[in-house]
Amino acid sequence: MIKFIRVDMSSKSAKTEECPAQYAGLAGRGLTSLFVAGEVKPTCHPLGKNNKLIFAPGFLSGTTAANSGRLSCGAKSPLTGGIKESNTGGTFSQKMAKLGIKAVVFEGLPADDKYYVIKIDADGVSFDEAPAETLGGMGNYDVVKVLQAKYGADVGVAVIGVAGEMKLTGANISFADPDGNIRSAGRGGLGAVMGSKKIKAVVIDDAGGPGVTIADQETFKGAAKRFAKALTTHPVTSQGLPQYGTNVLVNILNEAGGLPTKNFRSGRNAWANNIGGETMAATIKERGGKTTHGCHKGCIIRCSQHYMDKDGKYLTSGFEYETIWALGADAAIDDLDAIAHADREFDEVGVDSIETSVAVSVAMEAGIIPWGDAKAALDLIGQIRKGTPLGRILGSGAGAVGQMYGLTRVPVVKNQAIPAYDPRAVKGVGLTYATTPMGADHTAGYAVATNILRVGGFVDPLKKEGQVELSRNLQIATAAVDSTGMCLFIAFAILDIPDGFNALVDMINAQYGLSLTADDVTELGKTIIRAELDFNRRAGFTKADDRLPEFFEEPCPPHNTTWDFTDEEIDSVLNF
Ligand code: SF4
């Protein structure tokens, strides 16, 4: 039986059913988005009784396929008001797959005011009151320890921090990685949805589970080998990411003039190397940390790391380019250690590190703290855990800070913070920010690959030509990849190495006994995006929501390019 579990928080009951027929051919983002589009009322309050939160592993999760352990989480977003899929590493996805669970859905609101831990194992679902000490401010690292001490050292954990308890729109859902450290389904405020349902944590134990069935083992093994070969051959997945993490991009984007600096006033700065991947890797080595590390078992790219403090003590992992960019370049904090402390605090309180870091830059724009002041930034971030009014505003994202302080220079689309690539200097990703149903999200169609890294061909980042097609094709392909359980970074290899892509399709076919073609994969991506767009339209979104803020009409040094797409051009991106 492929299980579809519905947890009703209003009655504290759970129902395990055979996966409904309409969801049988879906997984990952395809499942979360078609479920939300089909079962969540688009006009519901995201924190109200009618919103539903869904976790779904991908098609290949739980298998031996490299990098296949990602989990999709979906709901109506409290941050954007639209549909949301947020994707994470950690151990949860593989454990769900090994228990034969296609999805778990959390619905309804409890009448009482207690927080709960929901346990899922081979026997079913049970409800416990959350341990009192985990509530009201304990950091997520310690909460994971408390829960693993109680439920088993090897259980998977999904948890909200104090930001989720406060239902802040920047709250994320944190997941334990194989070392008990934190990974996050970061974007869109899904931690607030979990908090509204009074779910402090979900723990999952796959002991005694049926495991994953593979229809054609031999073919699967062969395809998995070919797929792994593509990842270990491509320079980005075999060298750049394992050596320097995603932070390899700081110096690359600075060189390209696309590294937004001081709230998007310039695309280049003089201090980038101090916060770049090369400096970070040297610092980690000097302090005895790990420069390469996987966020789940079976990751062979290993872009994560263990960043240590000055005393050689573990500080943070999954220390991503986007966070380092936002505090290091956009907020002008020239201090990698200070940024690492901020990253740790984001994980501890459970907020999206991109959203909150951009909110810090906007706070500097508002004059709340000075540009580049690391101590003031850390104090401000510390206010989230204390739940002060300013901390709550910061934890509600860049748009909230901008609105409270009457600013117009607020880098958001659909109220979600624009990440680490200036749309005037990397135009393809600008179109993705504008049009993806997710709100500004580079991962929804990572045109940086082709604009800057020359992966999958080359489209000049400073010109409009070719960008509409690039963003469209990448958004469609990404929606499909997000359904496989694969880390998105595999895209670098499969865009350049055709057999890598073929091997991916072959693995899915061998696992399920199917005969999908590349066209079927494209069609799946289109179906997902159509459903997401339809949800947003029914939630009240119009074309006017697919626009970048007006300040991008200003020239961006050093290239002095502007955001110059017409409305018609923007509207043609997802017009399929
Ligand atoms: S490459 Fe990085 S993000 Fe992707 S699965 Fe591995 S550690 Fe996680």
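As a reminder, the structure under discussion sits directly above these lines.
Parameters at a glance
Residues numbered from 1 in each chain as written. Predicted model: local features only at pLDDT ≥ 70, side-chain atom pairs only at ≥ 80, totals over all residues. Heavy atoms only, no water. Near = heavy atom within 4 Å. Nonpolar A, V, L, I, M, F, W, Y, C, P; charged D, E, K, R; others polar. Salt bridge = Lys/Arg side-chain N within 4 Å of Asp/Glu carboxyl O. Helix = DSSP H or I, 4+ residues; strand = E, 2+ residues; numbered from the N terminus. Buried < 20%, exposed > 50% of the residue type's maximum accessible area, 1.4 Å probe, protein only. Pairing = 2+ DSSP bridges. Axes fitted to C-alpha atoms, helices over the stretch in contact; angles between N-to-C directions. Expected span 1.5 Å × (residues − 1). Arc of directions from axis to C-beta.

Q: What's the story with the site of the ligand in this structure? I'm lost.
A: Near the ligand lie 14 residues; those nearest to it are Cys295, His296, Cys299, Cys303 and Cys487. When the residues that make up the shell around the ligand are grouped by side-chain class, the tally is 6 nonpolar, 5 polar and 3 charged.

Q: Would you mind showing me how to read the pattern of salt bridges here?
A: Think of it this way: side chains of opposite charge can pair up when their charged atoms draw near. For the structure shown, the criterion picks out 39 salt bridges. One salt bridge connects lysine 375 with aspartate 379, and the closest N-O pair in it is separated by 2.9 Å. On the criterion of helical spacing, the pair formed by lysine 375 and aspartate 379 is a turn pair, its members being 4 residues apart in helix H14 (residues 374–386). You can call lysine 375 exposed: its relative accessible area is 58%. Of the charged contacts in the structure, one is a salt bridge between aspartate 422 and arginine 424, with a shortest N-O distance of 2.7 Å.

Q: What should I look at first to understand the sheet that holds strand E12 (residues 199–204) in this one?
A: Working definition: the strands of a sheet are paired by backbone hydrogen bonds and lie parallel or antiparallel to each other. Strand order in the open sheet made by the 6 strands is E8-E7-E12-E9-E10-E11, with mixed pairing throughout. A strand with exactly one partner marks an edge of an open sheet, and here the two such strands are strand E8 (124–129) and strand E11 (182–185). Each strand axis lies, on average, 20° off the axis of its neighbour in the sheet, ignoring direction. Pairing of strand E7 (residues 116–121) with E12, which is carried by 5 bridges, proceeds in the parallel orientation. Among the inter-strand pairings, isoleucine 118 is bridged to a residue of E12, identified as valine 202.

Q: I keep staring at helix H3 (residues 140–151) and nothing clicks. Help me out?
A: Under the 1.5 Å per step criterion, the end-to-end length of H3 is 16 Å for 12 residues, consistent within 8% with the ideal 16 Å. Every buried residue of H3 is accounted for by Asn140, Tyr141, Val143, Val144, Leu147, Gln148 and Tyr151. For H3, the arc enclosing every buried residue in end-on projection is 160°, short of the 170-degree limit, so these residues lie on one face. In this structure, H3 carries Lys145 and Ala149 as exposed residues pointing more than 90 degrees from its buried face. Positioned one or two residues after H3, glycine 152 has a phi angle of 125°, which is positive.

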